[in-house]
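# Architecture and fold: a report
Listed below, chain by chain, are the residues.
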Amino acid sequence: MKGFNQVEFAQYIDSKKENGTDIDNWTFDDLQAVVYEFQAYYGAPIYQEPPVAAEPIHDPNAYTDYQNPDQPIESPESQPAGVSQQEEKKEGGEQPEQQQIHSRLRSKTPKQHLKTKRCEEQQTELNFKRVDIEVSESEVKEGGIFSASYPIYKVSTTFAGKLLEVRRKDADFLFLRKHLLRGFPHLIIPPCPNHQPKLMADKIKKREKYYTRFLQAIVRCEELKTSRFLFTFLSEQDVKLFQKVQKDAERLKDQIKNRPFEELVTFSGAAKVIVQPGSGSERFNKMLNETTENYQTLYREAINCAKTLHEQAMGFSASFHSMKRLMDQMAEQQKRINCHSQVQVFENISKVMSSTGVFVKNLGEVMNKGFAEHLKYNLHEADTFRDLFSHRENLAQQQAKLERALQDKKEKLLKLRDPTKWGASREDLAEMIRMREDLFKDRELAFDYMLPKETQDIEQKRYELNFFSNQCWDEIRRVSKDNGMLLTEHFKDYAMLHCTQISSNASSWEELLNFLLTACEKERENEKKLIEGGVQPVQVMMQQMMRQEDALVAGDGGSGASRENA
């Protein structure tokens, strides 16, 4: 891919799939998708320093009409023959001198990217490898006289044929998230529980699943895998040494949080600092809060709906089991009168009621665990979106405050009418003094010359704000795409489980149907044999007996006329 490091791409696809560099392991669609992900979600091509142009020598007579200040200034002699500086005119006459300078100042092209640290430069043993993490085998450590009991979890990490196993407390997971928030303010850090769980087996088991998802989400992001503390968290078995690393990280938290922008880690080492008008990033940042609220509302409603279905399924399951008990009782009743045909019917229906009751209960569990419990993590992710959004909003507020302060300062300088106090360079100052009266008449032009150092700092802050605006858009898409893959895998497993349950329940109903069909077929065969032998079927005999009873009651001698008339 043009503009991208091929070795870096090979490492990336190898981290996505075992033997990922072998092209035979990929379908065309999968390979196309991973290329798109590499390009779209991890920034621009590798940052390259722009060529440094030779410092131009200022000459008052040099040609400056719409001249890019980053390029050498061409002299009048370099113009085509017959074209002189005096002959360059616009409609209505020569361009005024102050407009020439104004055009020169305005012609600077905005930056597209700022340089940052690349993943490849900061990589740890975890980078560009498939990493699998599982939190399991939790234990409850008994507290002492002045401390309460607490759970401790086993964290198993496998990558590149290695296995790392450590024991961590709830506070350690929470500290890891806080540390990543400080070091990677431009990334969405997965959610992590911030309270101690109840010391109950089922509660601790849920916490294990939560922490597993937390760590797995971290190691699916190459930028986060560059964290040295993350690797220490997953690998350091000495508890005292790990606690020392924690204390060191806490002591340096302000230094980490306030480090320069160029110290941030991005995948390609290039931070996109321009927001295109009408782009997804621009539109998205206008509805950050609305998006987050809608995200939480939809997930909360889906979770509540799944819980309602679970409760109703438990009720239906209980009703099916009640029906089973009734069928068993009816079968026992028929046994007392030796009516074996009804006994068999009721016993088979009882089996189906039991099977269907279990099926409905399992369906409720699927709704509870497959939807409610699993989507609860996604619900908490909305708060992690706010972490990044809040950082971006704080930058926007600081930017607006700085721009207002600079604008007020320039207004005051303009009223003083003294260019020597504008903080301009010696070269610009000489030019400004010569153009003094013209500058005072053009407020916008005067502001362009004032306080160049402060103006440049404000521009740098604006670039940083644009970067975080782009990050809000890129990060929520990255996390959403990651969630899409997780949900696909999760619901695939539950769909397979549910299909197995449906098949089992369908088999029970099929057995009942086969029994009923067989019983009906036997009954028809018996009737046929009776008719062929000259013996009337039981139903015909019963009808004749009923007619005789009616005739006796009516006094017609048993002809059955009363029933027929009726």
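Being a predicted model, the structure only gives us computed values, none of them experimental. (Residues numbered from 1 in each chain as written. Predicted model: local features only at pLDDT ≥ 70, side-chain atom pairs only at ≥ 80, totals over all residues. Heavy atoms only, no water.)

### Details of the pattern of salt bridges
One pass over the full model with this rule turns up 33 salt bridges. Ionic pairing is found between Arg130 and Asp132, a salt bridge with its closest N-O pair at 3.7 Å. Residue classification places Arg130 among the partly exposed positions, given a relative accessible area of 46%. The class for Asp132 is partly exposed, based on a relative accessible area of 32%. (Salt bridge = Lys/Arg side-chain N within 4 Å of Asp/Glu carboxyl O. Buried < 20%, exposed > 50% of the residue type's maximum accessible area, 1.4 Å probe, protein only.)

### Focus: the packing of aromatic side chains
Following the criterion strictly, the structure yields 16 aromatic pairs and no others. Through successive ring pairs, a cluster of aromatic residues spans Tyr153, Phe173, Phe175, Tyr211, Phe229, Phe233 and Phe242. Across the ring face of Phe233, the terminal group of Arg168 is positioned such that the distance to the ring centre comes to 5.4 Å. Sitting over the face of the ring of Phe242, Arg168 holds its NZ or CZ atom 3.8 Å from the ring centroid. (Phe/Tyr/Trp six-rings, centres within 6.5 Å; stacked < 30°, edge-to-face > 60°. Lys NZ or Arg CZ within 6 Å of the ring centre and 35° of its normal.)

### Some remarks on the environment of Leu164
For Leu164, the location among the structural elements is in strand β5 (residues 162-169). Remark: the alpha-carbon pair of Leu164 and Ser235, spanning 71 residues in sequence, is separated by 5.7 Å. Leave out the neighbours within four places in its chain, and Leu164 touches Val155, Ser156, Thr157, Phe159, Phe231, Leu234 and Ser235. (Helix = DSSP H or I, 4+ residues; strand = E, 2+ residues; numbered from the N terminus. Contact = heavy atoms within 4.5 Å.)

### Overview of the environment of Asp418
Here Asp418 is to be found in the loop between α12 (340-416) and α13 (426-434). A residue is classified by how much of its surface remains accessible, and Asp418, at 22% relative accessible area, is partly exposed. Taking the C-alpha atoms as reference points, Asp418 and Arg436, 18 residues apart in sequence, are found 8.8 Å from one another. The residues contacting Asp418, other than those within four sequence positions of it, are Leu413 and Phe440.

### Topic: the UniProt feature "coiled-coil region" (unreviewed entry) in the protein
Mapped onto this numbering, the UniProt entry annotates "coiled-coil region" (unreviewed entry) at residues 388-415. The span residues 388-415 is 100% helical and 0% strand by assignment, and the distance between its end C-alpha atoms comes to 41 Å. (UniProt positions renumbered as here; feature names shortened; annotations may be inferred.)

### Some points on the confidence of the model for the protein
Considering every residue of the protein, the mean pLDDT works out to 79; 78% of them sit at 70 or more. For the protein, the element scoring lowest by mean pLDDT is helix α3 (residues 97-106), at 44; helix α7 (residues 228-235) scores highest, at 96. Taken as a whole, residues 40-107 scores under 50 in pLDDT and shows 89 contacts with residues more than four places along the chain or in a different chain. Predicted confidence for residues 557-566 stays below pLDDT 50, and this span has 13 contacts to residues more than four positions away or in other chains. (pLDDT = per-residue confidence, 0-100.)

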